Amino acid sequence: MSFDQWLTQRIEKTKQAGLYRRLRTMSTAPQPQMVVNGTKQIVFSSNNYLGLANDPILIEKALETLNEFGLGSSGSRLTTGNTEWHEKLEQRIANFKKMEAALLFSSGYLANMGVLSSLPVKGDVLLSDQLNHASIIDGCRLSKAETVIYQHADMNSLAQKLRETQKYNRRFIVTDGVFSMDGTIAPLDKIMKLAKRYDAYVIVDDAHATGVLGEGGRGTSELFGVSPDVVIGTLSKAVGIEGGFVSGSSVLIDFLLNHARTFIFQTAVPPASCAAAYAAIDMIEKGKDKRENLLRKIKIIKNTLEAMGFKVYGQDTPIIPVIIGDAETSVQFSKKLQENGIYAPAIRPPTVPNGESRIRLTVTAAHNDTQIEHLLTSFKGIGRELKMIT
Ligand SMILES: *Cc1c(COP(=O)(O)O)cnc(C)c1O
């Protein structure tokens, strides 16, 4: 068998399992209405929660910095890649997250991998929520510590695992702040209490919460008024740009700078991205009206869909999963939405459990009321057509 034959066979298996993926081509900037594969669609699956990815002021800031500092950063942070914009942004993030210090990574994925592979050591244990993001799972796999999974956001399960793991040197609870497939919020106040009681450290990945949750958009820590040991985040979602970060004590940041391999051996993000992210955080801090506007839209969509008879998961976050049931109907639903000019993907097993296939909607502050109305009317029509609602 040739190399390509072997791979074709493996792809065939992926197709048979209904898990084959393909790319869609966007021909426009990230805004609510985009040209997807050549046709106009209202996009309800973007992470650009505050609409900042296309903000003219931020683009201007990036252009200015591009002209001054060039395209690429030319090296890792520890060689030639560290500009004043990287340092300014880190101070801005620390200040925004109300932490002592912050460290910039090239992505949230790499930030999680860097923290989890360097911080816990052999003889330690990671207690990880069942629904944590792939980058946390991969970080746990890289770690020399053992991993124990607790039931999703279930404090009885977490407490039980904490009792069962007393023999380990150190325990680290690691959780998403907002869960990407269910739209649930980690009960951080309760997690912090358990951590204190059982002498464990807490690591939170606030990728979907940064810019969205809390009075000042600082994330789940602000929402619950707590201060976990390590707060990870991304600049690629509500912040609208790219890059990941870790915030915490100065000692933690000094440690990661010296030990996190995804920091040490990675080229620094472009200075223009840092300058734009700096300005974006300013906007987020002052953007209470944008967040309130977003929350209003979240509530309208959730309440209306529920009133129609749909089963909707999650809490008040921009991630709104509408449960369809079996995988085939979900795909059919998504196709029909597309025919209505709406882009929202079907999420199937193994990403979600059997029988819980869903349309995963996300909404942004940039969507207008007409677009939301069109979404809701389409859901009603398709739901009736497929005899899911009356
Ligand atoms: C998106 C996401 C990441 C990855 O962030 P990137 O900056 O896109 O690499 C990590 N964790 C969670 C929970 C996410 O949703």
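The shown structure was predicted, so the numbers you read here are calculated from the model rather than taken from an experiment.

Colleague: Quick rundown of the domain arrangement of the protein? Include the residues and the values.
Modeller: According to the domain assignment, the protein consists of domain 1 (19-48 + 288-385) and domain 2 (56-286). Centre-to-centre, using C-alpha coordinates, domain 1 lies 27 Å away from domain 2. With 19 residues of domain 1 at the contact, the number on the domain 2 side is 22 residues. Between domain 1 and domain 2 lies a buried interface of about 1500 Å² when both sides are counted; carbon and sulfur atoms form 53% of it. Here domain 1 and domain 2 share 2 salt bridges between them. Between D182 and R358 there is a salt bridge whose closest N-O contact spans 2.8 Å.

Colleague: Break down the site of the ligand for me, with residues and values.
Modeller: Around the ligand sit 13 residues, and of these G108, D205, H208, T234 and K237 come closest. Between the ligand and S236 there is a distance of 3.3 Å, counted from an oxygen atom to a side-chain nitrogen or oxygen. A distance of 2.5 Å separates an oxygen atom of the ligand from a polar side-chain atom of K237. Contact with the protein chains covers 86% of the free accessible surface of the ligand, which is 380 Å².

Colleague: How would you sum up the packing of aromatic side chains? Please name residues and give values.
Modeller: Taken as a whole and judged by the stated rule, the model has 7 aromatic pairs. The interplanar angle of 40° and the centroid separation of 5.3 Å between the aromatic rings of F172 and Y201 together place this pair among those described as tilted. Residue F172 is located in strand β6 (residues 171-176), and its partner Y201 is located in strand β7 (residues 201-205); the two are separated by 29 residues in the primary sequence. Look at F172 and you get buried, because its relative accessible area is 5%. Judged by its relative accessible area of 39%, Y201 falls in the partly exposed class. Sitting over the ring of Y20, K15 keeps its end group 4.5 Å from the ring centre. Between K88 and the ring centre of W85, over which it is positioned, the NZ or CZ distance is 4.2 Å.

Colleague: Break down the sheet that holds strand β3 (residues 101-105) for me, with residues and values.
Modeller: Pairing in this open sheet of 7 strands is mixed, and the strands run β3-β9-β8-β7-β6-β4-β5 from one edge to the other. The sheet terminates laterally at β3 and β5 (146-150), the two strands that pair on one side only. Mean inter-strand twist for the sheet, computed between neighbouring axes without regard to direction, equals 20°. By the bridge criterion, 5 bridges tie β3 to strand β9 (residues 244-248) in an arrangement that is antiparallel. Across the sheet, the residue bridging to L103 is V246, located in β9. On the sheet, helix α7 (residues 188-198) packs against β5, β6 and β7 and is oriented at approximately 175° with respect to β6.

Colleague: Summarise the pattern of salt bridges; cite the residues concerned and give the values.
Modeller: Tallied over the entire structure, the rule returns 16 salt bridges. Where D369 meets R296, a salt bridge forms, and the shortest distance between an N and an O atom there is 3.5 Å. One end of the pair, D369, is in helix α14 (residues 369-385); the other, R296, is in helix α12 (residues 288-308), and 73 residues separate them in sequence. For D369, a relative accessible area of 43% puts it in the partly exposed group. Judged by relative accessible area, R296 falls into the partly exposed class, the value being 40%. The network of salt bridges with common partners includes R92, R218, E222, D282 and E285.

Colleague: How would you sum up the UniProt feature "domain: Aminotransferase class I/classII large" (unreviewed entry) in the protein? Please name residues and give values.
Modeller: Mapped onto this numbering, the UniProt entry gives "domain: Aminotransferase class I/classII large" (unreviewed entry) at residues 40-378. The span residues 40-378 carries 43% helix and 17% strand; its end-to-end C-alpha distance comes to 16 Å.

Colleague: Help me get a handle on the pairing of strand β14 (residues 357-362), residues and values and all.
Modeller: Among the 6 residues of β14, 6 are classified as buried, and the element is accordingly described as predominantly covered. Burial along β14 is two-sided: S357, I359 and L361 facing one way and R358, R360 and T362 facing the other are all buried. Inspection of the sheet shows strand β11 (residues 319-325) paired to β14 by 6 bridges, in the antiparallel sense. Looking across to β14, one finds that I323 is bridged to R358. Alignment of strand β13 (residues 346-347) against β14, held across 2 bridges, turns out to be antiparallel. Counterpart to I347 in the pairing with β14 is R358.

Colleague: Give a detailed account of the nonpolar core, specifying residues and quantitative values.
Modeller: Formed by 56 residues in total, the largest nonpolar core has its most connected members in F44, I301, L305, F310, I359, L361 and F379. Top element by residues in this core is helix α11 (residues 271-285). It accounts for 7 residues. A domain-level breakdown of this core finds at least three residues from each of domain 1 (19-48 + 288-385) and domain 2 (56-286). F44 has contacts with I342, Y343, A344, R360, L361, T362, V363, H367, Q371, I372 and L375, leaving out every residue within four places of it along the chain. Counting 23 residues, the second-largest nonpolar core is a separate cluster that includes F105, V115, I136 and I253.

The rules we used
Residues numbered from 1 in each chain as written. Predicted model: local features only at pLDDT ≥ 70, side-chain atom pairs only at ≥ 80, totals over all residues. Heavy atoms only, no water. Domains from an automatic or database assignment. Contact = heavy atoms within 4.5 Å. Buried area = accessible area lost by both parts, 1.4 Å probe. Salt bridge = Lys/Arg side-chain N within 4 Å of Asp/Glu carboxyl O. Near = heavy atom within 4 Å. Polar contact = N/O pair within 3.5 Å; in protein donor to acceptor, adjacent residues only side chain to side chain. Areas by Shrake-Rupley, 256 points an atom, 1.4 Å probe, with all protein chains shown as cover. Phe/Tyr/Trp six-rings, centres within 6.5 Å; stacked < 30°, edge-to-face > 60°. Helix = DSSP H or I, 4+ residues; strand = E, 2+ residues; numbered from the N terminus. Buried < 20%, exposed > 50% of the residue type's maximum accessible area, 1.4 Å probe, protein only. Lys NZ or Arg CZ within 6 Å of the ring centre and 35° of its normal. Pairing = 2+ DSSP bridges. Axes fitted to C-alpha atoms, helices over the stretch in contact; angles between N-to-C directions. UniProt positions renumbered as here; feature names shortened; annotations may be inferred. Core = buried A, V, L, I, M, F, W, Y, C linked by side-chain atoms within 4.5 Å.

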